[in-house]
Amino acid sequence: MRDQSFPKAFRLLKREEFKKVYARGKRVVGRYILIHALPNALGHPRLGITVTKRSGKAVVRNRWKRLIREVFRRNKELFPAMDMVVTVKKGVQLPSYRELEKDMLGLARRL
């Protein structure tokens, strides 16, 4: 059985890490999200998530974050060894899990 955990080693936690990815990373844009990604030397991907208030109230923002984390957690072996910051696009409606998964995995292949 494959590992489906999401420990702290797989997360971007510090503001400096986010800023570094934004400044030097590659950007790919999908239907619902955009990903900034910067290669790391850890041998595994790390995920950071940003959802602005323009995406909706706290309930909606938290739902976005839960969906993004779940897609990453279930499919982390398909993502390259990069630090990634996933940002929700302005004005998009909350998709189903399957639609978001398709979008994220398509972007991961383009990294």
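In short, a report on the structure. (Residues numbered from 1 in each chain as written. Predicted model: local features only at pLDDT ≥ 70, side-chain atom pairs only at ≥ 80, totals over all residues. Heavy atoms only, no water.)

A short note on the nonpolar core
General note: in soluble globular proteins, nonpolar side chains tend to be found buried as a group.
Part 1 of the argument: Ile33, Ile35, Trp64, Ile68, Leu100 and Met104 are the most contacted members of the largest nonpolar core, which totals 26 residues.
Part 2 of the argument: Counting five residues, the second largest nonpolar core, distinct from the first, contains Leu12, Phe18, Leu38 and Val85. (Core = buried A, V, L, I, M, F, W, Y, C linked by side-chain atoms within 4.5 Å. Buried < 20%, exposed > 50% of the residue type's maximum accessible area, 1.4 Å probe, protein only.)

With respect to the sheet that holds strand β2 (residues 33–39)
Part 1 of the argument: Taken in spatial order, the four strands make up an open sheet running β1-β2-β4-β3, and their pairing is mixed. On the outer flanks of this sheet lie β1 (26–29) and β3 (46–50), each paired with one strand and no other. Mean inter-strand twist for the sheet, computed between neighbouring axes without regard to direction, equals 20°.
Part 2 of the argument: In the sheet, β2 pairs with strand β4 (residues 82–88) via seven bridges, with the strands oriented antiparallel. Paired with Leu34 across the two strands is Thr87, which belongs to β4.
Part 3 of the argument: The strands that helix α2 (residues 58–75) touches are β2, β3 and β4; relative to β3, the one it contacts most, it runs at about 165°. (Pairing = 2+ DSSP bridges. Helix = DSSP H or I, 4+ residues; strand = E, 2+ residues; numbered from the N terminus. Axes fitted to C-alpha atoms, helices over the stretch in contact; angles between N-to-C directions. Contact = heavy atoms within 4.5 Å.)

Topic: the packing of aromatic side chains
Part 1 of the argument: A complete count under the given rule lists two aromatic pairs for this structure.
Part 2 of the argument: Between Phe6 and Phe72 the ring centres are 5.5 Å apart and the planes differ by 70°, which places this aromatic pair in the edge-to-face class. One end of the pair, Phe6, is in the segment before α1 (15–24); the other, Phe72, is in helix α2, and 66 residues separate them in sequence. Accessibility assignment for this pair places Phe6 and Phe72 in one class, buried.
Part 3 of the argument: Ring plane angle 45° and centroid distance 5.3 Å describe the contact between Phe72 and Phe79, whose orientation is recorded as tilted.
Part 4 of the argument: A relative accessible area of 0% places Phe72 in the buried class.
Part 5 of the argument: Feature note: the residues Phe6, Phe72 and Phe79 constitute an aromatic cluster, connected by ring pairs. (Phe/Tyr/Trp six-rings, centres within 6.5 Å; stacked < 30°, edge-to-face > 60°.)

Section: the pattern of salt bridges
Part 1 of the argument: Taken as a whole and assessed by the stated rule, the structure comprises five salt bridges.
Part 2 of the argument: Across the pair Arg46 and Asp83 runs a salt bridge, and its minimum N-O distance is 2.9 Å. With Arg46 in strand β3 and Asp83 in strand β4, this pair connects stretches of sequence that are 37 residues apart. Of the two residues, Arg46 and Asp83, neither departs from the other in class, the shared state being buried.
Part 3 of the argument: With a shortest N-O distance of 3.0 Å, Glu70 and Arg74 are connected by a salt bridge. Highlighted residues: Glu70 and Arg74, both in helix α2, separated by four residues, approximately one helical turn.
Part 4 of the argument: Residue classification places Glu70 among the partly exposed residues on the basis of a relative accessible area of 23%.
Part 5 of the argument: Taken together, the shared-partner salt bridges in this structure form one network comprising Glu17, Arg46 and Asp83. (Salt bridge = Lys/Arg side-chain N within 4 Å of Asp/Glu carboxyl O.)

Structural measurements only, silent on function.
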